[in-house]
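As a plain string of letters, each chain reads:
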Amino acid sequence: MYPATVIISICRFTRFRGGAVYSVCQAKDVANGIKGSEFLMQDCKIEDGAITGIYLAGPGAKQVVLRNKILNVRGIGIRVHKGNRSKIKGCEITKCITGIEVLSADPMILFCS
C-alpha cells in the first residue's frame with residue numbers, strides 16, 4: 001500500500017448529511033520503511049451540515065488543517081480521533097454544537113476561534 005498525498009484548498013462544503021471531510025491517515029514509521037500519508041486542508045468553508053465538519057483519524061498521523069471556516073454544523077466542527085497528532089491552526093468554528101472534540105488524541109491546536 002502506497003501512502004497518499006491529499007491537498008484540499010479553497011473549497012466549499014455545504015448542506016451535507018454525514019461528515020464533510022473524513023481523513024484517515026497512516027503515521028510515518030521510518031524503522032519499518034513506512035512513509036506515512038500526508039493530508040493538508042486549507043482555506044475552505046464548511047457550512048450548514050450535520051454530524052461532523054472535519055474528522056481526523058489514524059494513530060500517530062499528522063494531518064494539517066489551516067485557516068478553515070466551519071459554520072452551522074449540527075454536531076462537531078472538528079473531531080480528532082484516538083492517537084491522532086494533527087495540527088489545527090487558525091480555524092474559525094462558529095454555531096456548532098461542539099467546536100473541537102478530542103478523543104484520547106494529542107493534536108496541536110493554535111489560534112482557533
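Residues numbered from 1 in each chain as written. Predicted model: local features only at pLDDT ≥ 70, side-chain atom pairs only at ≥ 80, totals over all residues. Heavy atoms only, no water.

**Student:** Looking at this model, I keep getting lost on the nonpolar core. Mind explaining?
**Tutor:** Nonpolar side chains in soluble globular proteins generally cluster together in the buried interior. Of all hydrophobic cores here, the largest spans 21 residues; its most connected members are Met 41, Ile 54, Leu 56, Ile 70 and Ile 78. Looking at this core, the elements that each hand over two or more residues are β3 (19–24), β4 (38–42), β5 (45–57) and β7 (69–80). Top element by residues in this core is β7. It accounts for 4 residues. (Core = buried A, V, L, I, M, F, W, Y, C linked by side-chain atoms within 4.5 Å. Buried < 20%, exposed > 50% of the residue type's maximum accessible area, 1.4 Å probe, protein only. Helix = DSSP H or I, 4+ residues; strand = E, 2+ residues; numbered from the N terminus.)

**Student:** What exactly am I supposed to notice about the sheet that holds strand β1 (residues 5–9) here?
**Tutor:** Two orientations exist for strands paired in a sheet by backbone hydrogen bonds: parallel and antiparallel. The sheet built from 5 strands is open, its strands ordered β1-β4-β6-β8-β11 with parallel pairing. Single-partner strands in this sheet number two, and they are β1 and β11 (108–110). Neighbour-to-neighbour, the strand axes of this sheet turn through a mean angle of 5°, independent of strand direction. Here 3 bridges tie strand β6 (residues 64–66) to strand β8 (residues 87–89), and the two strands are oriented parallel to one another. (Pairing = 2+ DSSP bridges. Axes fitted to C-alpha atoms, helices over the stretch in contact; angles between N-to-C directions.)

**Student:** It is not clear to me how the environment of Ala 27 should be interpreted in this structure. Could you clarify?
**Tutor:** By the secondary structure assignment, Ala 27 is in the loop between β3 and β4. Judged by its relative accessible area of 22%, Ala 27 falls in the partly exposed class. In this structure the C-alpha to C-alpha distance between Ala 27 and Leu 56, which are 29 residues apart in sequence, comes to 12 Å. Setting aside residues no more than four positions away along its own chain, Ala 27 makes contact with Ile 34, Gly 36, Pro 59, Gly 60 and Ala 61. (Contact = heavy atoms within 4.5 Å.)

**Student:** What am I meant to see in the environment of Lys 95 here?
**Tutor:** Within the fold, Lys 95 resides in the loop between β9 (92–94) and β10 (98–102). Taking the C-alpha atoms as reference points, Lys 95 and Asp 48, separated by 47 residues in sequence, lie 9.6 Å from one another.

**Student:** Can you help me understand the confidence of the model for the protein chain in this one?
**Tutor:** Keep in mind that low pLDDT regions are not for reading the predicted coordinates in detail. With 96% of its residues at a pLDDT of at least 70, the protein chain reaches an overall mean of 92. Taken element by element, the protein chain is modelled with least confidence in β1, mean pLDDT 93, and with most confidence in β9, mean pLDDT 98. (pLDDT = per-residue confidence, 0-100.)

**Student:** For this particular structure, what's the right way to read the environment of Arg 17?
**Tutor:** On the secondary structure map, Arg 17 appears in the loop between β2 (12–14) and β3. With 81 residues separating them along the chain, Arg 17 and Thr 98 place their C-alpha atoms 17 Å apart. For Arg 17, the contacting residues outside a window of four places in its chain are Ala 50 and Ile 51.

**Student:** Teacher, can you tell me more about the packing of aromatic side chains here?
**Tutor:** Aromatic ring pairs are described here by two measures, namely the spacing of the ring centres and the angle between the planes. Within the structure shown, the criterion is met by 1 aromatic pair. Each ring, one from Tyr 22 and one from Tyr 55, has its centre 4.6 Å from the other, and the planes form 10°; the classification is stacked. A residue pair is termed long-range when its members are at least 10 positions apart, and Tyr 22 in strand β3 and Tyr 55 in strand β5 qualify at 33 residues. (Phe/Tyr/Trp six-rings, centres within 6.5 Å; stacked < 30°, edge-to-face > 60°.)

**Student:** Explain the pattern of salt bridges to me, please; I cannot follow it from the model alone.
**Tutor:** Oppositely charged side chains can form a pair if their charged atoms are brought close together. If you walk through the whole model with that rule in mind, you get 4 salt bridges. Between Glu 47 and Lys 45 there is a salt bridge; the shortest N-O distance is 3.9 Å. You can call Glu 47 buried: its relative accessible area is 9%. A relative accessible area of 34% means that Lys 45 is categorised as partly exposed. Here Glu 101 makes a salt bridge to Arg 79, at a shortest N to O gap of 2.5 Å. Note that Glu 101 is positioned in strand β10 and Arg 79 in strand β7, a separation of 22 residues in sequence. Exposure remark for Arg 79: the relative accessible area of 23% places this residue in the partly exposed category. Here the salt bridges do not stand alone but share partners, grouping Arg 12, Lys 45 and Glu 47 into one network. (Salt bridge = Lys/Arg side-chain N within 4 Å of Asp/Glu carboxyl O.)

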